[in-house]
2 protein chains.
Amino acid sequence: MSVPNAGGGETKSPAGTCEPEEPRHMRADAKRNNELIIEAARKVFAGQGGSASIEAIAKEAGVGIGTFYRHFPKRINLVEAVYRDDVDSLSQLASESAEQLDPWDALERWLWGFADYARSKRTFLNELHEAFENNPDLRSNSREKISVSCSQVLARAQEAGMARSDINGDDLVQLIAPVCTNTTIGGEQNTRLIRMILDGLKTLPSPS
Amino acid sequence: MSVPNAGGGETKSPAGTCEPEEPRHMRADAKRNNELIIEAARKVFAGQGGSASIEAIAKEAGVGIGTFYRHFPKRINLVEAVYRDDVDSLSQLASESAEQLDPWDALERWLWGFADYARSKRTFLNELHEAFENNPDLRSNSREKISVSCSQVLARAQEAGMARSDINGDDLVQLIAPVCTNTTIGGEQNTRLIRMILDGLKTLPSPS
DNA sequence: TGCTAAGCGGAGGGAGCCTCCGTATAGTAA
DNA sequence: TTACTATACGGAGGCTCCCTCCGCTTAGCA
């Protein structure tokens, strides 16, 4: 969950020097609205694309414009928050799947989750690109997190002999992401291609 | 020179089926304004970035808003026109250089011209990306044109024994473009890197 | 020289972004 | 429970930008 304005201070007060262990209390209503806005933004971006108006997002979230801007002073802050939240969800999905499912099912569930994530980025690639430019760490940190999550479920399946071992998490992510973000690949084709990748992943490498 | 609304018809009339040999007469003032707008847009985009206002561009061009929209009904049409014009300039530069200069100087001059072109794209990469999405042919056609131009000057230098022969136009473009579009590379560093590439290009391949 | 298709230009409607500030309330202390 | 206040809410309104519309102007032609 990303809370750019956490700390509740006025916009003018310096926020850079706060002690990290004491993230300053946030009122329950503020926290709830923050989550509502991110959830609404995800929905509206998916429906209307990344250029959707802030008014529409605030309305969908059921909050006023003023509240919106208190939480996300710049539009880019919102894009970033939605993205961070998506990436965090993927990390969580990896942990949950690993706890609850057998190794192959956990891997498959995570990969489908990742495919959903990647597909959802198609509608606001430009905005995301801008967010990356605005904050270079965002890209590298997220990439790292995703790679770790993928490796987590993949390694478990590999150790159980359920997935081929000549591929790593990064490879897999690089293989699936483009298939999902490419706008010329339709939904049905996308699903078929990912199924094929999964089948390949399940197969032992052919002797060269 | 790109003239999206050439033919002077109403916006509603279909423009896709025109005969290429008879581009329908365009009044001299219209042609002049079209060129003025593209030139102004290049200047304003370079100074203010791709999100510069259309008002600013029209003002720089010395034309009214109405005139602007007669020439470029959508903002994206302008981005496309500027880009096409840039690419055409590169083609022209290749031909001119080949006529006027010795093979190596022609190659070098074209490559510096290409570097300028690529650098100028940094300020409106997002807009360009949008234009490519809007019109997929734009990307492939432009890439092809640039590749041809580069090959034209490169081949001449190679035939004269002034440039190594184990590299082709596409390679060279792919090598230089990222160095120029990368926003983390400063102007001075950029120049040094390109000089180094040029030196490498002049050198015979080392035996492996 | 006069005609007219083509082009010019800017007022103004509409939409979106963001600020400002009066009102409401969660959390706390007594 | 009550009273207090730091924190948060919300929307009117100012600003900017996009684009349309339509009356005025003029290049090019007969």
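In this text the structure is predicted, and so the values were computed from the model without any measurement. Within every chain, residues take consecutive numbers counted from 1 along the sequence as written. Whichever chain is written first becomes A and whichever ligand is written first becomes 1, with later ones labelled in order. For a predicted model such as this one, the threshold for reporting local features is a pLDDT of at least 70, and the threshold for listing and counting side-chain atom pairs is 80 or more; totals across whole chains, interfaces and linings nevertheless cover every residue. In computing side-chain properties, one takes all heavy atoms of the structure into account and sets aside hydrogens as well as water.

1. Focus: the overall build of chain A
Each helix and strand in chain A was counted, giving 9 helices and 0 strands. Taken over 208 residues, chain A has a buried fraction of 38%. Working rule for contacts: check all heavy atoms of both residues, and any pair within 4.5 Å makes them a contact. Within chain A, counting contacts between residues at least 6 apart in sequence, those at least 24 apart form 70% of the total. Counting every atom, chain A has about 11,700 Å² of accessible surface; 51% of that belongs to carbon and sulfur. Under the DSSP-based scheme used, a helix requires at least four consecutive residues in state H or I and a strand at least two consecutive residues in state E, with every element numbered from the N terminus. Burial classes: relative accessible area under 20% of the type maximum marks a residue as buried, over 50% as exposed, and values in between as partly exposed (1.4 Å probe, protein chains only). Residue-level accessible areas treat just the shown protein chains as cover; the underlying method is Shrake-Rupley with a 1.4 Å probe.

2. Here we look at the environment of L204(B)
All names here are of chain B. Within the secondary structure layout, L204 lies in the segment after α9 (187-202). We classify L204 as exposed; its relative accessible area is 65%. Along the sequence, L204 and G161 sit 43 residues apart, while their C-alpha atoms lie 9.2 Å from each other.

3. Focus on the packing of aromatic side chains
Geometry of aromatic contacts follows a simple scheme: Phe, Tyr and Trp rings, the Trp one being its six-membered ring, pair when their centres are within 6.5 Å, and the pair is stacked under 30 degrees between planes, edge-to-face over 60, tilted otherwise. Within the structure shown, the criterion is met by 14 aromatic pairs over all chains. Judged by centre distance (6.2 Å) and plane angle (35 degrees), the rings of Y83(A) and Y117(A) are tilted. In this pair, Y83(A) sits in helix α4 (residues 75-100) while Y117(A) sits in helix α5 (residues 103-120), placing the two residues 34 residues apart along the sequence. The same class applies to Y83(A) as to Y117(A), namely buried. Ring centres of W110(B) and F114(B) lie 5.5 Å apart, and the angle between their planes is 10 degrees; on these two criteria the pair is classed as stacked. Highlighted residues: W110(B) and F114(B), both in helix α5 (residues 103-120), separated by 4 residues, approximately one helical turn. Assessed through its relative accessible area of 0%, W110(B) is described here as buried.

4. Focus on the packing of α5(A) against helix α7 (residues 136-159) of chain A
Residue and element names in this part refer to chain A. For helices, the fitted axis covers only the stretch in contact; all axes are lines through C-alpha atoms, and the angles between them, taken along N-to-C directions, range from 0 to 180 degrees. For the pair α5 and α7, the least separation of the axes is 7 Å and the interaxial angle reads 155 degrees. Taken together, α5 and α7 sit at an angle that is classed as roughly antiparallel. For the pair α5 and α7, the sense of crossing is left-handed. Residues P103, A106, L107, W110, L111, F114 and Y117 of α5 form the contact with α7, whose participating residues are I146, S149, C150, V153, L154, R156 and A157. Partitioned by chemical class, the residues of the contact of α5 with α7 number 12 nonpolar, 1 polar and 1 charged. Throughout, the term roughly parallel applies to angles under 35 degrees, roughly antiparallel to angles over 145, roughly perpendicular to angles from 65 to 115, and oblique to all others. By convention, the crossing between two helices is left-handed when the near helix turns anticlockwise from the far helix through less than a right angle, and right-handed when the turn is clockwise. Three classes are used, and their members are as follows: Ala, Val, Leu, Ile, Met, Phe, Trp, Tyr, Cys and Pro are nonpolar, Asp, Glu, Lys and Arg are charged, and the others, Gly among them, are polar.

5. Some details on the protein's contact with DNA strand C
Near DNA strand C there are 23 residues, and of these R75(A), R27(B), N33(B), G66(B) and T67(B) occur at the shortest range. The sugar-phosphate backbone supplies 61% of the atoms of DNA strand C found within 4 Å of the protein. For DNA strand C, a base oxygen lies 3.2 Å from a polar atom in the side chain of R27(A). Here a phosphate oxygen of DNA strand C and a side-chain polar atom of H71(B) are 3.3 Å apart. Within the residue set of the surface near DNA strand C, elements represented by two or more residues are α1 (28-48), α2 (54-61) and α3 (65-71) of chain A together with α1 (28-48) and α3 (65-71) of chain B. Counting residues per element, the surface near DNA strand C draws most heavily on α3(B), at 5 residues. A class-by-class count of the residues in the surface near DNA strand C yields 7 nonpolar, 8 polar and 8 charged. Near residues are defined by distance, with any heavy atom within 4 Å of the molecule or strand qualifying the residue. Any pair of nitrogen or oxygen atoms within 3.5 Å is treated as a polar contact; in protein, a donor-acceptor pairing is required on top of that, and neighbouring residues in sequence qualify only through side-chain atoms on both sides.

6. Focus on the confidence of the model for chain A
Per-residue confidence for chain A gives a mean pLDDT of 84; residues scoring 70 or more make up 87%. Across residues 1-23 of chain A, confidence stays below pLDDT 50; counting only partners more than four residues off in sequence or on other chains, it has 20 contacts. Scored from 0 to 100, pLDDT reflects the predictor's confidence in each residue.

7. Topic: the environment of G169(A)
Residues and elements named next belong to chain A. In this fold, G169 is placed in helix α8 (residues 169-181). On the basis of relative accessibility, which here comes to 3%, the residue G169 falls in the buried class. On a C-alpha basis, the gap between G169 and S147 in space is 5.8 Å, while along the polypeptide they are 22 residues apart. With near-sequence residues (within four places) excluded, G169 lies in contact with C150, S151 and L154.

8. Quick look at the packing of α5(B) against helix α8 (residues 169-181) of chain B
Residue and element names in this part refer to chain B. For the pair α5 and α8, the least separation of the axes is 8 Å and the interaxial angle reads 45 degrees. Regarding the angle of α5 to α8, the classification is oblique. The two elements α5 and α8 meet at a crossing, and its hand is right-handed. Along the contact surface, α5 presents L107, W110, L111, F114, A115, A118 and R119, while α8 presents L172, V173, I176, A177, C180 and T181. Along the lines of polarity and charge, the residues of the contact of α5 with α8 split into 11 nonpolar, 1 polar and 1 charged.

9. As for α1(A)
All names here are of chain A. With 21 residues, α1 extends 30 Å between its outermost C-alpha atoms, agreeing within 8% with the 30 Å of an ideal straight helix rising 1.5 Å per residue. For α1, the set of buried residues is N33, N34, I37, I38, A40, A41, V44 and F45. Considering only its buried residues, α1 is in contact with α2, α3 and α4. Once α1 ends, the next one or two residues include G49, with phi positive near 90 degrees. Helix span, expected: 1.5 Å multiplied by one less than the number of residues in the helix.

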